[in-house]
Amino acid sequence: MKVLILGTSGQVGDALMRAAWPQGTALVGLARPDIDMLRPETVEAAVAAHAPDLGVNATAYTAVDKAESDRDAAFTVNRDAPGRLAAACAARGIPLIHISTDYVFDGSKPGPYTEDDPVRPLGAYGASKEAGEAAVRAALPQHVILRTSWVY
């Protein structure tokens, strides 16, 4: 099995590359400059070039505060690129794991959130990540969206 992991220069992508995978799993890790999420067409090229059996999107525009003044970049990286990745995977029958964030919620729930809770992002970062989730869902039935918090 070949797994294509996008975003290996980040914390999550780096950890995925170092994780224990089942024997026989071949990992292909792409980071900047191998792939440029500000140019979503590079995502399609990466999927075509590497022909994985599974895709993992660990990329993100993570500058939460800066996203307010750099909305275009945040939405390009967090919405457009994942949507194109999901479409490229759909065209080839490749399932995708997409890493998202708890910033899609407003934080007002007194207990833990579940996947069925309504989203209500409060800022551009959360809105761009929620839009990315929607783009993945719309383009690819074979997906899993993982929402994480406090990556360290």
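Refer to the structure above for everything that follows.
Every chain begins its residue count from 1, and numbering advances along the sequence as written. Predicted model: local features are reported for residues with pLDDT of at least 70 only, side-chain atom pairs are reported and counted for 80 or more only, and whole-chain, interface and lining totals are derived from all residues. Hydrogens are left out, water is left out, and the side-chain values use all remaining heavy atoms of the structure.

Q: What exactly am I supposed to notice about the sheet that holds strand β2 (residues 26-30) here?
A: Strand-to-strand pairing in sheets goes through backbone hydrogen bonds, with the strands running parallel or antiparallel. Paired strands are those between which DSSP finds at least two bridges. Working definition: helices are DSSP H or I runs of at least four residues, strands are E runs of at least two. Numbering for both runs from the N terminus. Pairing is parallel in the open sheet, where five strands are placed in the order β2-β1-β3-β4-β5. At either end of the open sheet lies a strand with only one pairing partner, and these are β2 and β5 (143-148). In this sheet, neighbouring strand axes are inclined to one another by 20 degrees on average, regardless of whether the strands run parallel or antiparallel. By the bridge criterion, six bridges tie strand β4 (residues 96-101) to β5 in an arrangement that is parallel. Paired with Leu-96 across the bridge in β5 is His-143. In what follows, a contact means two residues having at least one pair of non-hydrogen atoms within 4.5 Å. Helix axes are fitted only over the stretch in contact, all axes being lines through C-alpha atoms; the angle between N-to-C directions runs from 0 to 180 degrees. Packing against the sheet, helix α2 (residues 41-50) makes contact with β1 (2-6) and β2, and its axis sits at approximately 160 degrees to β1.

Q: Please explain the pairing of β4 as it appears in this structure.
A: Walk down a regular strand and you will see the side chains alternate between the two sheet faces. Counting buried positions along β4 yields five of six residues, so the element is predominantly enclosed. Here three bridges tie strand β3 (residues 54-57) to β4, and the two strands are oriented parallel to one another. Looking at the pairing, Val-56 lines up with Ile-97 of β4. Handedness is read with the strands pointing away from the viewer; a crossover is right-handed when the path from the first strand over the helix to the second is clockwise. In this fold, β3 hands off to helix α3 (residues 71-92), which returns the chain to β4; that crossover is right-handed. The parallel pair β4 and β5 is bridged by helix α4 (residues 124-139), and the resulting crossover is right-handed. Buried means the residue's accessible area, taken with a 1.4 Å probe over protein chains only, is under 20% of the maximum for its type, while exposed means over 50%, and partly exposed covers the values in between.

Q: What exactly am I supposed to notice about the packing of α2 against α3 here?
A: Axes are the key here: two packed helices are described by the angle between their axes and the distance separating the axes. Contact pair α2 / α3: the axes reach a minimum separation of 8 Å and the direction vectors enclose 30 degrees. When the axes of α2 and α3 are compared, the pair comes out roughly parallel. Crossing hand, α2 versus α3: right-handed. Listed contacts from α3 to Glu-41, Val-43, Glu-44, Val-47 and Ala-48 of α2 are Ala-81, Arg-84, Leu-85, Ala-88 and Arg-92. Classification convention: Asp, Glu, Lys, Arg as charged; Ala, Val, Leu, Ile, Met, Phe, Trp, Tyr, Cys, Pro as nonpolar; all other residues, Gly among them, as polar. When the residues that make up the contact of α2 with α3 are grouped by side-chain class, the tally is six nonpolar, no polar and four charged. Roughly parallel covers angles under 35 degrees, roughly antiparallel covers those over 145, roughly perpendicular covers 65 to 115, and oblique covers all other angles. In this scheme, a crossing is called left-handed if the near helix is turned counterclockwise away from the far one by less than a right angle; it is called right-handed if the turn is clockwise.

Q: Honestly, unusual backbone geometry in this entry has me stumped. Any pointers?
A: Most peptide bonds take the trans configuration, and most residues that are not glycine carry a negative phi. For the peptide bond that leads from Arg-32 to Pro-33, omega is 5 degrees, which places it in the cis range. As for its placement among the helices and strands, Pro-33 is situated in the loop between β2 and α2. Positive phi, normally seen in glycine, also occurs at Ala-51, with a value near 40 degrees. Positive phi, normally seen in glycine, also occurs at Trp-150, with a value near 55 degrees. If you trace the backbone, Trp-150 turns up in the segment after β5.

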